[in-house]
Every structure is written in structure tokens, then in C-alpha cells.
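Chain and residue survey
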Amino acid sequence: PLHMEPQNDTRILDFLLLGLSEEPELQPLLFGIFLCMYLITVCGNLLIILATISDSHLHTPMYFFLSNLSFVDICFTSTTVPKMLVNIQTQSKVITHAGCITQMFFFLLFIVLDDFLLTVMAYDRYVAICHPLHYTVIMHPWLCVVLVLVSWVTSVLYSLLQSLIVSSLSFRTHTQIPHFFCEFNHVVHLTSSDTFISDIVMYFGSILLAGGPFAGILYSYYKIASTIRKISSTQGKYKAFSTCVSHLSVVSLLYGTSVGVYLSKADSQNSHSSAAASVMYTVVTPMLNPFIYSLRNEDIKRALKRLTERKTIVE
């Protein structure tokens, strides 16, 4: 019957991802840049995972969390970039309703996980520097596994809740998303339904799942700074601080770029500029993490050297 069609339109539809630019001559350049960044991200993070698994010296809580972070970073980038590359290559902007909800689910899952893992890593540094004699007792392998599992379960539940809320909203057919992926805020603001519940869940989720971990990281570093200040020798101070530099850089990069994106959204009417700003934390941060950790960290450097030497011997 004819009167049923509008109802179907609000349920079964496609979204159009407008991408970073609609200029046809820029598409090959964007494709090349993002393909390179994606390959560097995957290879860099895979090397970190391989190095931590293959080297027995790196079988410690710090590197266990780092290899988890590298795995999450690969998944995080794989949620958005491959779809964008396919859309540029096929000159199609379409993403199905189910595809959009799925992408949103995995995006939220991995960004929240990133946040939790960085907090767990801050706690690990806090125990190592503030309670060095009890480190092996406190950071027991079981505790490390439990911390990672709790991070996964919480992230999955939150992402599932958000995705279910969005899947219950109604949209017009061929809704245009001014972004290169189904970014939660953009999608929710395009609905024709009431967004009161999704807004409340989003605000509480942001406070709890972004503010909470950030407060935990700040507290850990406040305690670390107090402990380092009490160390008498300059060499001791430097040694203690150098174990935190990589982690601090990654935290600053993730939070700095995320805040930058939301400020650019609030500030700018041009949706393409906020999409371009999102590239910083969705693509650039996961790509830089392996470099930050391997360049600043002698253990990782040695493990990577051993890994490459072993490969040459095999060949």
C-alpha cells in the first residue's frame, strides 16, 4: 500500500558520506595520502605487537598494555579509513544504514578503549615510580588481564547502547553526512526524531568515559611528579621521568587533537573543516603512536633490532 512507503523510507535507507572534499581533482591526492598513512599505521603498530610478543624482556605489564594499545589503534583506523578509500576509488559516497551503525559502533568502541588503555598505562607508571618495591606484587599478570578485560567490556556496552539508540532514530532518505565516516554527533544531528535521550547518554558517556579516565591520568601524573621531585639524584629523576615521556606524549596527542576537533566544531560553520580536524585523532594519532614509543624507548628499539636481525637470518 502507498501509505506504507514513507514509513519504509525512514527505516531502510542509505547515507551519503561527503568526505573531506568534494573537489574531483583532490580525490587522487587524498587517496594517496590516506593509503600511505593507513599502511604506516598498520605496519608500525604490528611491529610494536611483534616486538613485544617475540622479546621475553618485554613480557612486562607496561608492554602488555602497549601491545593492546597498538592492536586497538590498528582496529580504530581500520574502522574509518578503508571505507573512505573505497568510496574515493569507486567514486561512490554511499554507506548503508546498517553499515553506518556498524561503523559508529566500532568507532566508539575503539576510541573509548584507547582512552581506558591510556589510563591503565598511567596507573602502571604510577605504581612503577611511586611503589617500585611492590610493583611486581601489585601489577600481577592477572590484574593486567582483568584491567584490559574490564576496559573491553565497558567499551562494548557503551558502544552497543549508543548504536542501539541511533538505530532507533528515523532519517530521511539519502541523508548527507558532511564527514568521511559516520561520526556520532553528525549522524544524530541529521535525524528527524527527538534526540533528547541520545543527547543525555552522550553527555553522561563523555563525562564518565572521557572525563573519568582523564582525571585518573592527571591524578597518576600528579603523584608521579611529587615522587620524582623527592628523588635526590638528577640521574634518578631523569630515569624515572624518561619512562613516562612516551605515554605523556601519546596522551597529549589524543586529548589535544580531540579537544581541538570539538572546539573547531563549536567554532566553525564549515563542516568540512571539522572533518579535516578529525583526521588528527582518527588517523594521525594512531599513526604516530608507534614512532613515539619506538623512538623514545630503548627496549623497543632493541627488540625491533632483534626482530629484523632474526628475519635476515631466516632469509
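Scroll up a little and you will see the structure.
Attention in this report is confined to the structure presented alongside it. (Residues numbered from 1 in each chain as written. Predicted model: local features only at pLDDT ≥ 70, side-chain atom pairs only at ≥ 80, totals over all residues. Heavy atoms only, no water.)

Let's talk about the side chain of threonine 41
Relative to the assigned elements, threonine 41 resides in helix α2 (residues 27–54). Among all residues touching threonine 41, those that are not within four sequence positions of it are Asp73, Ile74, Thr77, Val283, Pro286 and Met287. (Helix = DSSP H or I, 4+ residues; strand = E, 2+ residues; numbered from the N terminus. Contact = heavy atoms within 4.5 Å.)

A look at the packing of aromatic side chains
Under the definition given, this model contains 12 aromatic pairs. The interplanar angle of 55° and the centroid separation of 5.7 Å between the aromatic rings of phenylalanine 64 and phenylalanine 65 together place this pair among those described as tilted. Residue class for phenylalanine 65 comes out buried when judged on its relative accessible area of 0%. Each ring, one from phenylalanine 105 and one from phenylalanine 106, has its centre 5.0 Å from the other, and the planes form 75°; the classification is edge-to-face. On the accessibility criterion, phenylalanine 106 (34% relative accessible area) is partly exposed. (Phe/Tyr/Trp six-rings, centres within 6.5 Å; stacked < 30°, edge-to-face > 60°. Buried < 20%, exposed > 50% of the residue type's maximum accessible area, 1.4 Å probe, protein only.)

Looking at the state of the cysteines
Under the defined criterion, the tally for this structure stands at one disulfide. Cysteine 100 shares a disulfide with cysteine 182; S-S distance 2.0 Å. Judged by the torsion about the S-S bond (-125°), the cysteine 100/cysteine 182 disulfide is left-handed. Taken as a pair, cysteine 100 in helix α4 (residues 97–130) and cysteine 182 in the loop between β3 (175–177) and α7 (184–188) lie far apart in primary sequence, 82 residues in all. Across the pair, cysteine 182 and cysteine 100 agree in class, each one buried. (Disulfide = S-S within 2.5 Å.)

Scope: geometric values only; no functional claims are made or implied.
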